[in-house]
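Next come the chains, spelled out residue by residue.
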Amino acid sequence: MKYGLLIATAACLSSCIYSDLGRTIGSIGTKVPRIVPSGTTETQNIYSGQLYRKDGKYYVELPLVWVPERRKGYECMPIYNTTGDQFNDTCTYNRPYTVEELQQYPIEKIYFEATPFPARTMWRNNFITHWKKADERGARGIVTAKLQPIEGFNTKGAEHLGLYGIDGAPHHIGHLDKRRADYYPLLLPLQIVATAADIPLSIVLMPISTPILCAAMEADCEAAFPYHDHSRPEFSPPFPLYPTEESQKTQ
């Protein structure tokens, strides 16, 4: 999903491009996990999952897929970072997968225990919000919680509460390692060389990239506009939020 023109221009003015050859070679034959959105709005993807209650605890079931890692040899580095990782920001030139693309891959179920945040978040006041009536997407409420990965959860004997919007769903799969092809070790020497080459290449690219990008944006060059990848963690979890009307009545 791309920024609007104003946001993209601002990102360009406060960012530069660096060489990413090392990680691009490392992405060959590599698959990464993604939570499948249940829909999308004009500004963000929407995430929802099945909610269960068992022995007084709440559990969330989310749809997970493994997709080829996308890297194109260069990357965006915003000055004002939003993820805590200067080299893995949400502002990126690597195109995120669309909802339709993710839905084409085999879906696995992944489970989390939902627990309240230590203090109230600035996004939602409730741990779990139950609605009297499902919304137009079929969600019975919203879960705003810490999602702790849980192995071996069995829905047998659990109370199925239905479909719920899950705030911050794509940000809770950092515990999953990438899946690499069997030939990945053969790429390591080349990756090491490319990573070393990234340093001098970035030194050249970074100071000249901003004026070039600004000129390209003025010319409305599509390649100059970065994407915003909400599947990457941000400083302020649990963004992105499940959209709802302020007038939505709760139980």
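Keep in mind it's a predicted model, so treat the numbers as computed, not measured.

**Q** Which residues make up the overall build of the protein, and what are the values?
**A** For the protein, the helix and strand inventory stands at four helices and 15 strands. Relative to its full complement of 251 residues, the protein shows a buried share of 47%. When contacts within the protein are restricted to residue pairs at least 6 apart in sequence, long-range pairs at least 24 apart make up 80% of them. When the accessible surface of the protein is totalled, it reaches about 13600 Å², and 58% of it is carbon and sulfur.

**Q** Provide a residue-level description of unusual backbone geometry, including the pertinent values.
**A** We note that Asp55 has phi near 55 degrees; this positive angle belongs to a residue other than glycine. In this fold, Asp55 is placed in the loop between strand E5 (48-54) and strand E6 (57-68).

**Q** Pulling in residues and values, what's your account of the packing of aromatic side chains?
**A** Counted according to the given criterion, the structure contains seven aromatic pairs. Between Tyr74 and Tyr93, the ring centres sit 5.6 Å apart and the planes meet at 50 degrees, which makes this aromatic pair tilted. Taken as a pair, Tyr74 in strand E7 (residues 74-78) and Tyr93 in the loop between strand E8 (91-92) and helix H3 (99-102) lie far apart in primary sequence, 19 residues in all. An aromatic cluster is present here, built from Tyr52, Tyr59, Tyr111 and Phe153 joined pairwise through their rings. Arg70 extends its terminal NZ or CZ atom over the ring of Tyr97, reaching a point 3.7 Å from the ring centre. Lying across the ring of Tyr184, Arg180 places its NZ or CZ 4.3 Å from the centre.

**Q** Tell me what's going on with the pairing of strand E2 (residues 30-35), and back it up with residues and numbers.
**A** Across two bridges, E2 lies against strand E14 (residues 179-180) in antiparallel orientation. Residue Lys31 lies in a different strand from E14, and its bridge partner there is Arg179. The pairing of E2 with E6 spans five bridges and is antiparallel. Residue Arg34 lies in a different strand from E6, and its bridge partner there is Val65.

**Q** Please set out helix H4 (residues 184-218) residue by residue, giving values where relevant.
**A** With 35 residues, H4 extends only 41 Å from end C-alpha to end C-alpha; this falls clearly short of the ideal 51 Å at 1.5 Å per step. Buried within H4 are the following residues: Tyr184, Leu187, Gln191, Ala194, Asp198, Ser202, Ser209, Leu213, Cys214, Ala216 and Met217. Remark: Asp220 follows H4 within two positions and exhibits a positive phi of approximately 60 degrees.

**Q** Break down the layout of surface pockets for me, with residues and values.
**A** By volume, the largest pocket amounts to about 920 Å³. The leading source of residues in the lining of the largest pocket is E2, at four residues. In terms of residue class, the lining of the largest pocket is built from 15 nonpolar, 13 polar and 13 charged.

**Q** Describe in detail the nonpolar core, supporting the description with residues and values.
**A** Counting residues in hydrophobic clusters, the biggest one holds 20 residues, and the most contacted among them are Ile35, Leu51, Val60, Leu62, Val143, Leu147 and Ile166. Elements represented by at least two residues in this core include exactly E6, strand E9 (108-115) and strand E13 (159-166). Broken down by element, the residue count for this core peaks at five residues, all from E6. Each residue touching Ile35, except ones within four places of it in the same chain, is listed here: Tyr47, Leu62, Pro63, Leu64, Leu102, Ile110, Ala169, Pro170 and Ile173. Membership of the second largest hydrophobic core comes to nine residues, among which are Cys76, Cys91, Leu213 and Phe225.

**Q** Give a detailed account of the state of the cysteines, specifying residues and quantitative values.
**A** Inspection of every chain in the model, using the stated rule, returns zero disulfides. Here Cys16 is not cross-linked by a disulfide; its sulfur's nearest cysteine counterpart is in Cys76, at 7.5 Å. Owing to a relative accessible area of 11%, Cys16 belongs among the buried residues under this scheme. With no disulfide of its own, Cys76 lies closest to Cys91 among cysteine sulfurs, the gap being 3.2 Å.

**Q** Help me get a handle on the side chain of Glu101, residues and values and all.
**A** As for its placement among the helices and strands, Glu101 is situated in helix H3. From its side chain, Glu101 meets the backbone nitrogen of Thr98 in a polar contact 2.9 Å long. Every residue in contact with Glu101, bar those within four places of it in the chain, is listed here: Arg70, Arg95 and Pro96.

**Q** Please set out the environment of Val32 residue by residue, giving values where relevant.
**A** With respect to the helices, strands and loops of the structure, Val32 is situated in strand E2. On the accessibility criterion, Val32 (7% relative accessible area) is buried. The sequence separation of Val32 and Arg179 amounts to 147 residues, and the corresponding C-alpha distance is 6.5 Å. Here Val32 is in contact with Val65, Trp66, Val67, Glu69 and Lys178, once residues within four sequence places are set aside.

Rules used throughout
Residues numbered from 1 in each chain as written. Predicted model: local features only at pLDDT ≥ 70, side-chain atom pairs only at ≥ 80, totals over all residues. Heavy atoms only, no water. Helix = DSSP H or I, 4+ residues; strand = E, 2+ residues; numbered from the N terminus. Buried < 20%, exposed > 50% of the residue type's maximum accessible area, 1.4 Å probe, protein only. Contact = heavy atoms within 4.5 Å. Areas by Shrake-Rupley, 256 points an atom, 1.4 Å probe, with all protein chains shown as cover. Phe/Tyr/Trp six-rings, centres within 6.5 Å; stacked < 30°, edge-to-face > 60°. Lys NZ or Arg CZ within 6 Å of the ring centre and 35° of its normal. Pairing = 2+ DSSP bridges. Expected span 1.5 Å × (residues − 1). 1 Å grid on protein atoms, 1.4 Å probe; cavity = no way out; pocket = protein on both sides within 12 Å on 5 of 7 lines; lining within 4 Å. Points joined across faces, edges and corners; volume = space filled by probe spheres on them. Nonpolar A, V, L, I, M, F, W, Y, C, P; charged D, E, K, R; others polar. Core = buried A, V, L, I, M, F, W, Y, C linked by side-chain atoms within 4.5 Å. Disulfide = S-S within 2.5 Å. Polar contact = N/O pair within 3.5 Å; in protein donor to acceptor, adjacent residues only side chain to side chain.

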